Every structure is written in structure tokens, then in C-alpha cells.
Amino acid sequence: VQLVESGGGLVQPGGSLRLSCVASGFTVSNYAMSWYRQAPGKERELVAAITSAGGPTNYADSVKGRFTISRDNAKNTVYLQMNSLKPEDTAVYYCYVRYFYRWGQGTQVTVSS
């Protein structure tokens, strides 16, 4: 089981990024998937989650209306579309599959002018 994130980078406030999490060793459509983030000096926090097989999604209050989690079953990939980014969104973002207790390596997102 492996998760590989990509798509992070430096973006100005108000900008957008799309993070990708490519999974191998299992089928993402069969499991709940989530995105977490960790800013320097802070605990890792849940950003967004999606249940298996088209179930509901949920979001941290701080990102509701700005971030969208989705899944492409054909590519076995989970995405996090991030719009209207703010400096406080700066963090390392991690993909996570709870069933296997497996994290990706993380991808850095920096929001700064």
C-alpha cells in the first residue's frame, strides 16, 4: 500500500492549487480517504474526507466552501482542489487511508505574496 502526493507549491493569496494522491496496492473507491495538513509548530489536522463508494464528504470549518475533495476511480487517485487560498493554509498536506493506517510523504503548500 502506497500513497504519493503531488501538486504543492508556492501560490499567492487568492490563488488555487490542486493536490493529487496516487494510490497503489489498493482501490481508492473501496475505502474512506482523507487529506490532513500540518503547519510548523502545530498538530496535524483533518482538512477533508470522502467515504467509500460515493458517500458523503466532510470538511474542516476553516476550508468549507474553498476546498473540494474528489476521487477519480479510473486513475486510482484522490484530489484536493484548493481555491481562494489564504496564508493560513500554508502547511504540508498529507493523504491518508485509515483502513491501512498509511500516510503519504506529504507535499508542501505555501501561500504568500
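Refer to the structure above for everything that follows.
Below is a short write-up of the structure. (Residues numbered from 1 in each chain as written. Predicted model: local features only at pLDDT ≥ 70, side-chain atom pairs only at ≥ 80, totals over all residues. Heavy atoms only, no water.)

Within the open sheet, the 4 strands sit side by side as β1-β3-β8-β7. Their pairing is antiparallel. Looking at the sheet topology across the chains shown, the edges are occupied by β1 (2-6) and β7 (67-72). Taken over all neighbouring pairs, the strand axes of this sheet differ in orientation by 15 degrees on average, direction set aside. (Pairing = 2+ DSSP bridges. Helix = DSSP H or I, 4+ residues; strand = E, 2+ residues; numbered from the N terminus. Axes fitted to C-alpha atoms, helices over the stretch in contact; angles between N-to-C directions.)

Core analysis: the largest hydrophobic core is formed by 29 residues, its most contacted members being M33, W35, L80, M82 and Y93. Broken down by secondary-structure element, the contributors of at least two residues to this core are β3 (17-24), β4 (33-38), β5 (45-50), β7, β8 (77-82), β9 (91-97) and β11 (107-111). Setting aside residues no more than four positions away along its own chain, M82 makes contact with G15, S16, L17, L19, R66, F67, Y93 and V109. (Core = buried A, V, L, I, M, F, W, Y, C linked by side-chain atoms within 4.5 Å. Buried < 20%, exposed > 50% of the residue type's maximum accessible area, 1.4 Å probe, protein only. Contact = heavy atoms within 4.5 Å.)

As paired strands, β4 and β5 are joined by 5 bridges and run antiparallel to one another. Looking at β5, one finds that S34 is bridged to A49. Linkage of β4 to β5, two consecutive antiparallel strands, is achieved through a turn of 6 residues, within which G41 is found at a positive phi near 75 degrees. When β5 meets strand β6 (residues 57-59), the two strands line up antiparallel, connected through 3 bridges. Looking at β6, one finds that A48 is bridged to Y59.

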